[in-house]
Amino acid sequence: MFSPVLILLSSFLCHAIVAGRSKRFTCPLTGMWPINTLKCTPRVCPFAGILENGAVRYTTFEYPNMISFACNTGFYLNGTSSSQCTEEGKWSPELPVCAAITCPPPPVPKFATLHVHKPSVGNNSLYRDTAVFECLPKYAMFGNNTITCTAHGNWTELPECREVKCPFPTRPDNGFVNYPAKQVLTYKDKATYGCHDTYNLDGPGEVECTKMGNWSAQPSCKASCKLSVKKATVLYQGERVKLQEKFKDGMKHGEKVSFFCKNKEKKCSYTEEAQCIDGTIEIPKCFKEHSSLAFWKTDASDVKPC
Ligand SMILES: *[C@@H]1O[C@H](CO)[C@@H](O)[C@H](O)[C@H]1NC(C)=O
Ligand SMILES: *[C@@H]1O[C@H](CO)[C@@H](O)[C@H](O)[C@H]1NC(C)=O
Ligand SMILES: *[C@@H]1O[C@H](CO)[C@@H](O)[C@H](O)[C@H]1NC(C)=O
Ligand SMILES: *[C@@H]1O[C@H](CO)[C@@H](O)[C@H](O)[C@H]1NC(C)=O
Ligand SMILES: *[C@@H]1O[C@H](CO)[C@@H](O)[C@H](O)[C@H]1NC(C)=O
């Protein structure tokens with residue numbers, strides 16, 4: 001008794017291994033062998049449906065089919081991209097593997113230090129690993145401080161560290177500026193500003209030398225306003241306040257108040273805003289200062305709003 005294995009060569013040609021020896025037969029159109037002990041079955045190759053970190057495209061693993069391979073991002077095919085099941089029931093060429101893409105240790109830009117870096121594979125990094133740089137003091141970073149190992153096995157673009165100098169800040173009128181006593185002022189150096197007596201700073205009290213080589217702001221000193229109005233109830237930051245009490249030392253540059261005015265026809269009140277700009281405040285024309293002699297008159301701030 002023998003159990004022959006037949007391999008389908010084409011739809012009609014069969015290859016039978018009979019008692020260990022090959023013979024060629026032509027398969028009849030019926031697809032059935034006249035001898036019922038012979039049957040055409042294709043040679044099957046070992047299962048190859050799983051590729052770690054990749055994928056296999058296949059229909060069946062039978063002779064003479066081809067299967068093809070692809071790796072996930074971050075991996076490359078070490079070996080063939082497609083393989084065929086041979087007459088002998090073997091894959092040819094041999095099945096590939098997906099190997100991880102690595103980046104070599106990152107280059108360090110001039111005037112920079114590697115701040116964060118953990119190699120994953122020996123001295124190398126894996127796809128998506130990152131490295132972070134810092135510039136030496138006085139140097140400013142241009143570009144991204146973080147680089148990433150790409151799927152091409154190289155790093156994303158390196159940043160640059162450049163020395164940045166700022167000019168000496170100028171003293172504001174009616175004020176002063178302090179800065180480090182150095183030959184040159186460089187990136188991240190700070191300067192502080194202040195104003196004399198009745199002047200107020202317009203801008204931040206502290207500025208910094210920026211990457212652009214200029215200061216983050218140019219504060220100036222602005223005069224405060226003396227009020228010509230002796231008594232008035234006004235709106236200041238949404239609240240009713242007595243002008244003469246709240247601003248007895250004058251109003252600072254930039255501050256705003258709303259004065260109450262009367263609409264005589266409609267017998268109601270509305271407000272108009274006034275702002276202190278560098279020593280000057282324009283009192284709204286509609287505002288009438290309440291005279292303490294005219295006690296029978298109602299102050300505009302006590303009249304119902306329009
Ligand atoms: C790639 O395949 C060859 C041959 O199979 C093997 O020697 C080598 O170690 C493989 N490389 C990697 C990175 O897997
Ligand atoms: C890593 O780099 C160091 C210094 O260049 C070297 O001595 C060492 O052999 C490297 N290690 C590996 C695993 O490549
Ligand atoms: C810098 O690169 C990282 C990672 O590559 C990214 O997530 C980040 O958005 C980048 N930052 C800027 C400001 O481009
Ligand atoms: C990384 O390699 C890819 C493919 O070779 C290339 O297109 C890209 O410009 C390289 N990136 C850098 C930052 O060198
Ligand atoms: C600093 O210089 C840059 C570029 O010249 C400019 O865009 C920026 O407005 C300047 N900043 C200040 C606060 O003057």
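Structural data are supplied above this passage.
Keep in mind that what you see is a predicted model, and the values were worked out from it rather than measured.

## Section: the site of ligand 1
(1) Moving on: The environment of ligand 1 is formed by Tyr76, Asn78 and Ala99.
(2) Moving on: Asn78 is positioned with one of its side-chain polar atoms (N or O) 2.4 Å from an oxygen atom of ligand 1.
(3) Moving on: Within the complex, 26% of the 360 Å² of free accessible area of ligand 1 lies under protein.

## Some details on the pattern of salt bridges
(1) Moving on: Inspection of the entire model under this criterion finds five salt bridges.
(2) Moving on: As a salt-bridge pair, Arg162 and Glu160 come within 3.2 Å of each other at their nearest N and O atoms.
(3) Moving on: By relative accessible area, which is 39% here, Arg162 ends up partly exposed.

## Quick look at the site of ligand 3
(1) Moving on: The local shell around ligand 3 consists of Asn144, Thr146 and Thr148.
(2) Moving on: A distance of 2.3 Å separates an oxygen atom of ligand 3 from a polar atom in the side chain of Asn144.
(3) Moving on: Here ligand 3 loses 29% of its free accessible area of 360 Å² to cover by the protein chains.

## Quick word on the environment of Val241
(1) Moving on: Here Val241 is to be found in strand S25 (residues 239-242).
(2) Moving on: The class of Val241 is buried, set by a relative accessible area of 16%.
(3) Moving on: Sequence separation between Val241 and Val257 is 16 residues, and the spatial gap between their C-alpha atoms is 9.5 Å.

So, how was this worked out
Residues numbered from 1 in each chain as written. Chains lettered and ligands numbered in written order. Predicted model: local features only at pLDDT ≥ 70, side-chain atom pairs only at ≥ 80, totals over all residues. Heavy atoms only, no water. Near = heavy atom within 4 Å. Polar contact = N/O pair within 3.5 Å; in protein donor to acceptor, adjacent residues only side chain to side chain. Areas by Shrake-Rupley, 256 points an atom, 1.4 Å probe, with all protein chains shown as cover. Salt bridge = Lys/Arg side-chain N within 4 Å of Asp/Glu carboxyl O. Buried < 20%, exposed > 50% of the residue type's maximum accessible area, 1.4 Å probe, protein only. Helix = DSSP H or I, 4+ residues; strand = E, 2+ residues; numbered from the N terminus.

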